[in-house]
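Chain and residue survey
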Amino acid sequence: MKNIEDCVVLHVEDDDATAVLFQLAMKEAKLKPLLFRMRDGAEALDFVLKTGQYPAAPQPDLIILDLNLPRMTGLEVLAAIKGNPHLRDIPAYILTTSIDSRDEAKAMALGATGYLTKGDSLEAFTKSVKRACQSLTGG
């Protein structure tokens with residue numbers, strides 16, 4: 001397992017406040033990976049495929065996707081990642097406000113590593129971020 005500081009995390013989130021909260025949760029959890037943020041699904045796919053403006057992008061060790069993203073949904077990005085033999089082994093979590101069991105079922109059927117809700121407090125959000133990062137730390 002890599003040292004957490006050597007890990008690359010791709011966080012795909014269009015909401016600036018949630019992205020800041022994610023960074024705060026990482027800090028609170030004492031996790032300091034190399035963090036990249038994409039604001040929409042198409043940009044995230046360019047990043048992982050090293051296309052468009054990201055030909056030199058590092059391969060993520062962990063991908064955190066919101067469900068409701070512009071241009072491509074989180075589920076569409078997940079399907080593209082899990083359908084690619086070079087990317088399918090990257091742990092990919094959905095981190096969303098949706099508590100709809102159908103969304104969770106779709107995500108898991110597409111190969112999501114986990115489905116986590118953002119919760120209604122910083123403590124709950126931090127707990128979800130820690131759970132997603134366990135695949136990086138071996139915890």
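The structure reproduced in this document is the subject of the present report. What you are looking at is a predicted structure, and each value in this text was computed from that prediction instead of being measured. (Residues numbered from 1 in each chain as written. Predicted model: local features only at pLDDT ≥ 70, side-chain atom pairs only at ≥ 80, totals over all residues. Heavy atoms only, no water.)

**Comments concerning helix α3 (residues 74-82)**
For α3, the complete set of buried residues consists of G74, L75, V77, L78, I81 and K82. Buried residues in α3, looked at end-on, bunch into an arc of 160°, giving them a common side. Buried residues along α3 sit against α2 (41-49), β3 (62-65), β4 (92-96) and α4 (101-109). (Buried < 20%, exposed > 50% of the residue type's maximum accessible area, 1.4 Å probe, protein only. Helix = DSSP H or I, 4+ residues; strand = E, 2+ residues; numbered from the N terminus. Arc of directions from axis to C-beta. Contact = heavy atoms within 4.5 Å.)

**A look at the nonpolar core**
Generally speaking, soluble globular proteins have nonpolar side chains that are buried together. In terms of nonpolar packing, the biggest core is built from 26 residues, with L10, V48, I63, L78 and I94 touching the most fellow members. Elements that contribute at least two residues to this core include exactly β1 (8-12), α2, β3, α3 and β4. Top element by residues in this core is α2. It accounts for 5 residues. Residues in contact with L10, not counting those within four places in the same chain, are F36, M38, A44, F47, V48, P60, L62, I63 and I64. One finds F22, L31, I64 and L95 within the second-largest nonpolar core, a separate group that totals 15 residues. (Core = buried A, V, L, I, M, F, W, Y, C linked by side-chain atoms within 4.5 Å.)

**Considerations on the sheet that holds β1**
If you walk across this open sheet you meet the 5 strands as β2-β1-β3-β4-β5, and the pairing is parallel. Looking along the sheet, the strands with just one partner apiece sit at the ends: β2 (34-38) and β5 (114-117). The average angle at which neighbouring strand axes cross in this sheet is 20°, direction not considered. Strand direction decides the pairing type here: β1 and β3, joined by 4 bridges, are parallel. Looking at the pairing, L10 lines up with I63 of β3. Against the sheet, helix α1 (residues 16-28) engages β1, β2, β3 and β4, with an angle of about 150° to β1. (Pairing = 2+ DSSP bridges. Axes fitted to C-alpha atoms, helices over the stretch in contact; angles between N-to-C directions.)

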